[in-house]
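Chain and residue survey
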Amino acid sequence: MRQLFCLEGNTALTDQFSLAQVNNYLWRRQGFDWEHPGPQDAIFGIYAASPTCYLSHLVRDPKFRFESLDEEITQMRSIVRRRAMRYAIFLIPVEHLPSVYQATKEQALAGEYKIHKLAGLSDDGYIELSAAVENALGDSTMGIRQINLALPNKFNEFRDTLQYVVRFMCAEGRLVRAKVKGDWKGNQYEYARTSVWLPDVNLASITPAQGRVNLARLYLDSYGPATQEDFKWWSGLKTDQVISALAGLEDELITVIVEGQEYLLLEKHRDVLADTPDDPPDGLHLLPLLDAYLMAYRSRDRFLPREHYDTIYDKSGNGTYTIFEDGRACGVWDLIDENNQITLKAAFFDRQADSRWEILKDWLDLLMSVTGVKKGRLVQCPLPLDLKF
């Protein structure tokens, strides 16, 4: 029997909202309504790999500049990249790092342990090599190649498995991905010892149970109204862990009805939702691969026609580059940056209106501005558009 977390109360008095109103609220909450921007702290759970980490910020703030994220990570050290929910890599505000680490370390360690076992590394070999990695790093940051060069010759037989050791050390919380190498499309990292890069962070300051409660609060703060199943899918937690985490928020939660279905909402957001116009939101936006909003819910019916599900999501539920119009997915897009030219490709589910292409021209101009590329090209494509998953 499926376990459910339930709030006690009189359902006859439960607030009821239309899907259009909820989508409008979330459109603002996520920052997609540039005329009525939501609070920046609502943007939790942004995918950390490039270029999504930059494009997900840009779609929420047209004044965002790519270098500002790099400054937050490398100079202010207020954000780190870490594998967390569903073993994916996310941008985690340092203030929430202990909670996220404790809530999801079981997933991260299980995934990385499997990988380094497949690489043929024994437990004793890992213990010895990981200590050597920490010694080589000292107070500096290094990429995999630099760490390899700094290791004593006695570790020559382990050099091909070093990347798995470093990843497992990140999962353990001993190392952090401190810097990204290259431009806004780069995904090669330099690593640092956590105790050196973030000396004031104590990953053991809370328990795993407390971490899961805090993770549930962060999720519902950003993406509620949502269901238990939505949170379970997004977090990757086990059912009993999900129920326990939501129970820890019981005094902060209310149940709302959306199109006849019960959803959970943090009570502090009830009045803002109720005051949101009962109409679909306005605007056309380009959400990147694995955008936080695309990945926030197990059921995507709230913003995606079922007949187009396979156009947006792969078999694992990972979303591709998606065009949203008035709160609903309406097509797909792709971005190619080569030969000093940005090419924006787009395909819509239905007949394209000229006004859409005028807006896409504005998006192309914005992308050229933030990347510094002087030439741009907009290409109208039929479905299916060959996209990178």
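Okay, so let's go over this structure. The structure presented is a predicted model; accordingly, all values stated were derived computationally and were not measured. (Residues numbered from 1 in each chain as written. Predicted model: local features only at pLDDT ≥ 70, side-chain atom pairs only at ≥ 80, totals over all residues. Heavy atoms only, no water.)

1. Structural notes on helix H14 (residues 354-371)
Note that an α-helix has 3.6 residues per turn; residues three or four places apart therefore point the same way. Along its 18 residues, H14 runs 26 Å from first to last C-alpha, staying within 8% of the 26 Å computed at 1.5 Å per residue. Every buried residue of H14 is listed here: Arg356, Trp357, Leu360, Trp363, Leu364, Leu366, Leu367, Met368, Val370 and Thr371. Of the residues flanking the end of H14, it is Gly372, one or two places downstream, whose phi is positive at about 80°. (Helix = DSSP H or I, 4+ residues; strand = E, 2+ residues; numbered from the N terminus. Expected span 1.5 Å × (residues − 1). Buried < 20%, exposed > 50% of the residue type's maximum accessible area, 1.4 Å probe, protein only.)

2. Topic: the environment of Trp233
Of note, Trp233 is situated in helix H10 (residues 228-235). Excluding residues that lie within four positions of it along the chain, Trp233 makes contacts with Arg86, Met295, Tyr297, Arg298, Arg300, Ser316 and Gly317. (Contact = heavy atoms within 4.5 Å.)

3. A closer look at a negative patch on the surface
Together, Glu35, Asp278, Asp279, Asp282 and Asp326 make up a negatively charged patch on the protein surface. Within the fold, Asp282 resides in the loop between helix H12 (270-275) and strand E8 (284-287). (Patch = residues over 30% accessible without salt bridge, like charges linked within 9 Å, V, L, I, M, F, W, Y side chains within 5 Å. Areas by Shrake-Rupley, 256 points an atom, 1.4 Å probe, with all protein chains shown as cover. Salt bridge = Lys/Arg side-chain N within 4 Å of Asp/Glu carboxyl O. Lys, Arg positive; Asp, Glu negative; His and termini not counted. Charge placed at Lys NZ, Arg CZ, Asp CG, Glu CD.)

4. A look at the sheet that holds strand E12 (residues 375-380)
Taken together, five strands build an open sheet; the order of strands is E8-E9-E10-E11-E12 and the sheet is mixed. The sheet is open, and its two borders are formed by E8 and E12, each paired with just one other strand. Ignoring which end each strand starts from, the neighbouring axes of this sheet average 25° apart. Where strand E9 (residues 322-325) lies against strand E10 (residues 328-338), four bridges are found, and the strand directions are antiparallel. Each bridged residue has a counterpart across the sheet, and for Phe324 the counterpart in E10 is Ala329. (Pairing = 2+ DSSP bridges. Axes fitted to C-alpha atoms, helices over the stretch in contact; angles between N-to-C directions.)

5. Points about the side chain of Arg300
Along the chain, Arg300 falls in the loop between E8 and helix H13 (309-312). Put simply, Arg300 is tucked away with no salt bridge, and the nearest opposite charge, on Asp230, sits 7.0 Å away. From its side chain, Arg300 meets the backbone oxygen of Gly317 in a polar contact 3.0 Å long. Beyond its immediate chain neighbours, meaning those up to four positions away, Arg300 contacts Trp233, Leu294, Met295, Tyr309, Tyr313 and Gly317. (Polar contact = N/O pair within 3.5 Å; in protein donor to acceptor, adjacent residues only side chain to side chain.)

Function cannot be inferred from these measures alone, as they are strictly geometric.
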